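Per-entry structural report
Take a look at the letters that make up each chain.
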Amino acid sequence: MHTYERSSIINLLIIAKILIFGVIVVNIRRAEEKDIPQIEELLYQVHKVHSDKRPDLFIPGSKKYTTNELKEILADDEKPVYVADNDGVILGYAFCVYQSTKSSNYTSLYIDDLCVSENSRGLKIGTRLYEYVLDVAKENGCHNLTLNVWECNESAKKFYDKCGLKIQKYGMEQVLD
């Protein structure tokens, strides 16, 4: 089955569950190796958002991690990945990294990547993932929760603003021809 056909079927199932039950049940949990094929589909989706806006930096049609890199990441407790699971269907993920600085005495939890399936946007899954990661950071004594967002990604900036994130610093560039 092609990814497009699978996505359409998943979309119909999600809509049916919402119509029947009035809400979609999502379990946020640590990602497992069995989730890799679905995580890879989402990695392609988020990469497309970036490559559409910045093809000079993101190669269209690729993704951030290889399957082997994903296996290594999922096994690393310093780089936890959380997924939004609806009866075995991964609707979103949050890749995280614990970061400590040598010049300060604190730990941050950095969200390296947060994605919700195109078919599941608008269902508060991103908010649930973010809040879950925020709770993980608090439970583990982190000083803060940080992330980067591309200037060209307006929808992500609005989402993070609604979550209560504030600008910590600016990354700037000058593209050289």
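Our subject is the structure that appears above.
Presented here is an overview of the structure given in this document. (Residues numbered from 1 in each chain as written. Predicted model: local features only at pLDDT ≥ 70, side-chain atom pairs only at ≥ 80, totals over all residues. Heavy atoms only, no water.)

**So, the sheet that holds strand E2 (residues 81–86)**
- Here we have 5 strands laid out as an open sheet, ordered E1-E2-E3-E4-E5, and mixed in their pairing. With partners counted over all chains shown, the strands left at the sheet margins are strand E1 (27–30) and strand E5 (144–147), one partner each. Going across the sheet, the axis of each strand differs from the next one's by a mean of 30°, ignoring polarity.
- Where E2 lies against strand E3 (residues 89–100), 6 bridges are found, and the strand directions are antiparallel. Residue pairing across strands places Asp85 opposite Ile90, the latter belonging to E3. (Pairing = 2+ DSSP bridges. Helix = DSSP H or I, 4+ residues; strand = E, 2+ residues; numbered from the N terminus. Axes fitted to C-alpha atoms, helices over the stretch in contact; angles between N-to-C directions.)

**So, the pattern of salt bridges**
- In total, this model carries 12 salt bridges according to the counting rule given.
- A salt bridge links Asp85 to Arg29; the nearest nitrogen and oxygen atoms lie 2.9 Å apart. With Asp85 in strand E2 and Arg29 in strand E1, this residue pair connects regions lying 56 residues apart in the sequence. Judged on exposure class, the residue Asp85 and its partner Arg29 are both buried.
- Through salt bridges with shared partners, one network takes in Arg29, Glu32, Lys34, Asp35 and Asp85. (Salt bridge = Lys/Arg side-chain N within 4 Å of Asp/Glu carboxyl O. Buried < 20%, exposed > 50% of the residue type's maximum accessible area, 1.4 Å probe, protein only.)

The quantities given are spatial measurements derived from coordinates; they are silent on function.
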